[in-house]
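Analysis of the macromolecular model
Spelled out from the first residue to the last, the chains are:
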Amino acid sequence: MEYDNFLHYSRRLQMADALGDVYVNLSALKTAKSRFLFTRSLLIKHKMLTRTLNIQMDYDCPALSENFRQKGNDFFRAKKYVKAVDLYTRCLMGSEPTTECHALALGNRSAAHFHLGHFELCIKDARWAMVTNYPSKLAYKLYERAGNAECMLGLAQRAKDSFTECLKRLDEVDMSAENKRKFRETIEIAITKCDERLEDRKRTKKVPPIEELVGGSNETIPALSAFVELKMTEDMGRGVFATHDINPGDVVAIDEPYICGPISPHTEVCHYNGCLKLDVALFPCPKCFLVYYCNKDCMDKADKDGHYLECPIMDFIKSTPGIPRMNELVMKWFLKDYLNMGLKNYCSAVDNFYQSKIDPKTRGFDDNGQYKSDNFLTAYSLDGAEDKLSIDVLFFFNCIAVDLLHYLTLNGFQIPKCDIGTVGASFVHILTVLDMNCRKLNFCAPKIAFQKEIKFTLTIAMTLYPTICLFNHSCDPNVKRSGELSDRVRVMKATQPIPKGTQLFCSYGIIFQGHPKDSRQELLKNRFKFDCYCQPCIKDWSTSQYIPNRLSTLNILNPSMASTVQLECKKFLEFSKSVNPEDYHQHLKYLYSFIKLLYTNVKRPFELYEECLEMIGDAHIMSTNEIISICESPY
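Residues numbered from 1 in each chain as written. Predicted model: local features only at pLDDT ≥ 70, side-chain atom pairs only at ≥ 80, totals over all residues. Heavy atoms only, no water.

**Examining the overall build of the protein chain**
Stated precisely, the cut-off is as follows: Going along the chain from the N terminus, every DSSP run of H or I of four or more residues is numbered as a helix, and every run of E of two or more is numbered as a strand. The size measure is the radius of gyration over C-alpha atoms, and the globule rule it meets is 2.2 Å times the number of residues to the 0.38 power. For the exposure calls, accessible area comes from a 1.4 Å probe over protein chains only, and a residue counts as buried if that area is under 20% of its type's maximum, exposed if over 50%, partly exposed in between. Contacts are assigned to residue pairs with any non-hydrogen atoms lying within 4.5 Å of each other. Using a 1.4 Å probe, accessible areas were evaluated by the Shrake-Rupley method; residue-level cover was limited to the displayed protein chains.
Assigned secondary structure in the protein chain consists of 23 helices and 14 strands. The C-alpha atoms of the protein chain give 28 Å as radius of gyration, which agrees with the globular expectation for 635 residues (26 Å, within 12%). If you line up the protein chain on its principal axes, its C-alpha atoms span 85 × 65 × 45 Å. Burial statistics for the protein chain: of 635 residues in total, 52% are counted as buried. For the protein chain, contacts bridging at least 24 residues in sequence account for 70% of all contacts bridging at least 6. Accessible surface, the protein chain: about 30000 Å² in total, of which carbon and sulfur atoms supply 51%.

Structure below.
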């Protein structure tokens with residue numbers, strides 16, 4: 001597994017001729033707390049920690065920045081919009097973000113982008129200007145322009161919201177009563193057109209079904225179906241098993257992430273843990289300008305969850321080695337639970353976790369015998385495979401934790417000396433949990449589609465689903481994600497028949513059709529620290545190019561059904577040629593019946609079985625978010 005700047009700490013120690021027995025000494029320590037404190041002392045001794053949070057930014061003189069903006073205005077009036085954008089950008093690069101000059105340059109550049117047809121960039125600049133020192137008497141222009149750009153992108157609801165806010169801002173405008181009346185009428189007409197477009201969309205839009213767990217909610221694991229239970233196995237540890245026959249299409253899990261955030265700085269996803277909404281342009285935090293939200297409500301909620309504590313140190317967190325987005329999640333996780341529990345209770349929970357002997361089967365269950373995805377210990381108790389990490393990776397994680405905690409304390413966060421080891425050790429453990437489990441669940445994290453048939457998707461968020469983590473891996477999964485691609489709530493459905501007593505499996509992103517056995521085993525061992533004992537691995541199933549595509553005495557399990565299976569296979573071949581991928585969802589009943597027929601009568605792997613299975617998986621996925629439709633259309 002690769003991490004950014006992996007040798008950052010060890011190289012500096014080596015240059016100081018201090019690396020020596022570091023790994024040996026670290027290996028000898030038996031507790032997570034002692035390993036963290038050892039690493040912290042080492043970095044302090046060799047002066048490897050940041051001394052101050054003060055970052056001196058060099059800006060050009062205000063007069064020069066204002067000159068760039070005025071020259072940009074000249075080009076704008078001359079309709080030379082490309083040159084205007086360039087000069088506005090030079091103004092922004094040389095001006096203090098809190099100044100009116102900076103805000104006006106953003107608004108000006110937004111207008112230039114609009115005339116160039118760069119509507120997404122127009123909206124982004126307008127949103128940035130809205131949270132800066134933009135003159136309130138001119139703000140209505142930003143909202144009008146944003147609404148028009150959103151109309152051009154087909155974002156009717158967003159445009160309506162912008163126009164509505166524009167009308168609210170008219171009271172502050174220095175404009176004659178007659179001009180204000182005409183302007184208001186124009187905006188009201190635009191809102192009416194948005195409403196008409198939204199009504200048309202309601203009539204044609206594919207509405208996601210209201211999903212319910214088959215058999216109702218599980219008594220002890222509410223996010224799972226009542227038709228499953230948790231059991232221990234010798235080869236895989238605990239896993240989810242069917243207590244009833246489960247059919248393709250049955251919902252077996254509906255889970256929400258405990259912690260989540262955008263996976264890339266280039267992805268327009270709301271940073272608030274409870275939202276994760278996809279948008280073409282978000283509002284930046286007006287203080288750090290490093291996190292983004294879909295609206296002020298999410299911004300305020302994120303502050304209550306602790307962003308105000310991480311805001312002054314976001315730039316340092318983002319530059320910390322490792323996986324920057326994961327480091328951000330570590331800080332977000334800690335601050336959320338610190339504010340919810342208090343430092344004393346947080347440390348107590350962490351210490352008890354390390355000191356108690358936990359039954360592997362009930363790890364993560366609360367005192368009432370419940371396994372809930374919104375519970376701190378449920379998420380914290382997920383396996384991070386710390387005991388299987390190489391010593392250089394373990395040292396690296398401890399160094400990252402030292403840096404993250406140091407940034408907090410440097411910003412004035414008070415941690416009693418007796419609790420530093422506990423909090424630091426918790427940072428390391430959270431890092432390992434996220435590193436292991438977010439990668440496992442990358443397949444079911446929110447995504448955007450780049451093709452209508454959903455053959456290619458891009459993960460937009462890093463998410464931790466504690467209940468879905470209970471599913472073990474198989475290179476032939478019988479459970480897959482379902483529902484809206486970009487939804488933070490993840491629905492898991494059966495895609496194959498799952499007889500009573502059979503284990504439910506998802507995939508950690510590795511399937512037998514695409515990788516030979518040796519390659520799969522190596523990938524799973526390196527990434528997730530386990531040996532795979534699924535059927536494709538035990539029986540060494542062929543990859544896609546070698547899968548049998550004809551029926552014979554070798555793959556018919558029930559000879560008395562041979563003619564029926566042969567006939568249904570011919571029908572399926574005709575069906576697969578005549579139906580478009582976007583219409584698979586209309587034929588799910590047929591696909592379910594066909595795969596059930598093959599499941600009991602044909603030995604796998606068999607090409608038509610695998611093709612039907614893929615169709616079912618595609619049919620379960622929906623892409624109704626209007627933002628996704630924009631992402632699908634390059635321009």
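**Looking at the pattern of salt bridges**
Working definition: two side chains of opposite charge can pair if their charged atoms are close together. The condition that has to hold: For salt bridges, the criterion is a side-chain nitrogen of Lys or Arg within 4 Å of an Asp or Glu carboxyl oxygen.
Under the counting rule described, the total for this entry stands at 22 salt bridges. With a shortest N-O distance of 2.7 Å, Asp-476 and Arg-604 are connected by a salt bridge. Taken together, the residues span a long stretch of sequence, with Asp-476 in the loop between β10 (472-473) and β11 (479-484) and Arg-604 in the loop between α21 (588-601) and α22 (607-620) at a distance of 128 residues. Side by side, Asp-476 and Arg-604 carry an identical accessibility label, which is buried. A salt bridge links Lys-571 to Glu-568; the shortest N-O distance between them is 3.5 Å. Within this pair, Lys-571 and its partner Glu-568 are both found in helix α20 (residues 562-578), separated by three residues, close to a single helical turn. What makes Lys-571 partly exposed here is its relative accessible area of 41%. Salt bridges sharing partners connect three or more residues here, namely Glu-178, Arg-181 and Glu-185.

**Focus: the packing of helix α14 (residues 343-355) against helix α17 (residues 420-440)**
Selection rule: Throughout, an axis means a line fitted to C-alpha atoms (over the contacting stretch in the case of helices), and angles, computed between N-to-C directions, take values from 0 to 180 degrees. By convention the crossing between two helices is left-handed if the near helix lies anticlockwise of the far one by an angle smaller than a right angle, and right-handed if it lies clockwise. Charged means Asp, Glu, Lys or Arg here, nonpolar means Ala, Val, Leu, Ile, Met, Phe, Trp, Tyr, Cys or Pro, and polar covers whatever is left, Gly included.
The geometry of α14 relative to α17 is characterised by a closest axis approach of 10 Å and an angle of 65 degrees between their N-to-C directions. Seen along the crossing, α14 lies across α17 with a hand that is left-handed. Contact residues: α14 offers Leu-343, Tyr-346, Cys-347, Val-350, Asp-351, Phe-353 and Tyr-354, while α17 offers Thr-422, Val-423, Ala-425, Ser-426, His-429 and Ile-430. Of the residues that constitute the contact of α14 with α17, the class distribution is nine nonpolar, three polar and one charged.

**What to know about the nonpolar core**
The line we're drawing: Nonpolar cores were defined as sets of buried Ala, Val, Leu, Ile, Met, Phe, Trp, Tyr and Cys residues, with membership established by side-chain atoms within 4.5 Å.
Grouped together as the largest cluster of nonpolar side chains are 145 residues, with contacts concentrated most on Trp-333, Phe-427, Leu-434, Leu-464 and Leu-504. Among the elements that take part in this core, helix α16 (residues 391-410) stands out by supplying 13 residues, more than any other. Discounting residues that sit within four places of it in the chain, Leu-504 has contacts with Val-228, Val-240, Phe-241, Ala-242, Ile-246, Val-252, Phe-471, Asn-472, Asn-478, Val-479 and Ile-498. Counting residues in hydrophobic clusters, the runner-up holds 24 residues, among them Leu-551, Leu-591, Val-602 and Ile-616.

**Some remarks on helix α6 (residues 100-116)**
Here is the rule: Expected span of a helix, by definition, is 1.5 Å for each gap between consecutive residues, and there is one gap fewer than residues.
If you check α6, its first and last C-alpha atoms are 24 Å apart, about what 17 residues at 1.5 Å a residue would give, namely 24 Å. For α6, a buried count of 13 out of 17 residues is recorded, marking the element as mostly surrounded by other parts of the structure.

**Observations regarding the sheet that holds strand β14 (residues 621-622)**
For clarity, the cut-off: Any two strands are treated as partners once DSSP identifies two or more bridges connecting them.
Sheet architecture is open: four strands sit in the order β3-β12-β11-β14, paired in mixed fashion. For this open sheet the edge positions go to β3 (251-255) and β14, each flanked by a neighbour on one side alone. Relative to β14, β11 runs parallel, the two being bridged by two bridges. In the strand pairing of β14, Gly-483 is matched with Ile-621.

**A word on the confidence of the model for the protein chain**
Note the threshold: Confidence scores here are pLDDT values: one per residue, from the predictor, ranging 0 to 100.
Within the protein chain, residue pLDDT values average 91, and 95% of them lie at 70 or more. Across the protein chain, the secondary-structure element scoring lowest on mean pLDDT is helix α23 (residues 626-631), at 55, and the one scoring highest is β3, at 97. In the model, residues 631-635 has pLDDT below 50 throughout and makes eleven contacts with residues more than four positions away in sequence or in other chains.

**With respect to helix α7 (residues 119-130)**
Helix length check: α7 (twelve residues) gives 16 Å between terminal C-alpha atoms against 16 Å at 1.5 Å per residue, within 8%. Taken as a whole, α7 has its buried residues at Phe-119, Cys-122, Ile-123, Asp-125, Ala-126, Arg-127, Ala-129 and Met-130.

**A few points about the environment of Cys-270**
Following the sequence through the fold, Cys-270 ends up in the loop between β4 (259-262) and β5 (283-284). Residue classification places Cys-270 among the buried positions, given a relative accessible area of 0%. Separated by 15 residues in the primary sequence, Cys-270 and Asp-255 have C-alpha atoms spaced 19 Å apart.

**Observations concerning the environment of Cys-438**
Here Cys-438 shows up in helix α17. Between the C-alpha atom of Cys-438 and that of Ala-461, which follows or precedes it by 23 residues, the distance is 9.7 Å. Those residues in contact with Cys-438 that sit more than four places away from it in its chain are Val-433, Met-462, Thr-463 and Leu-464.

**Topic: the pairing of strand β1 (residues 228-233)**
Judged from the six bridges that link them, β1 and strand β2 (residues 237-242) form a sheet pairing that is antiparallel. Residue pairing in the sheet places Val-228 in a bridge with Ala-242 of β2. Remark: three residues form the turn of the hairpin made by β1 and β2, two consecutive strands paired antiparallel.

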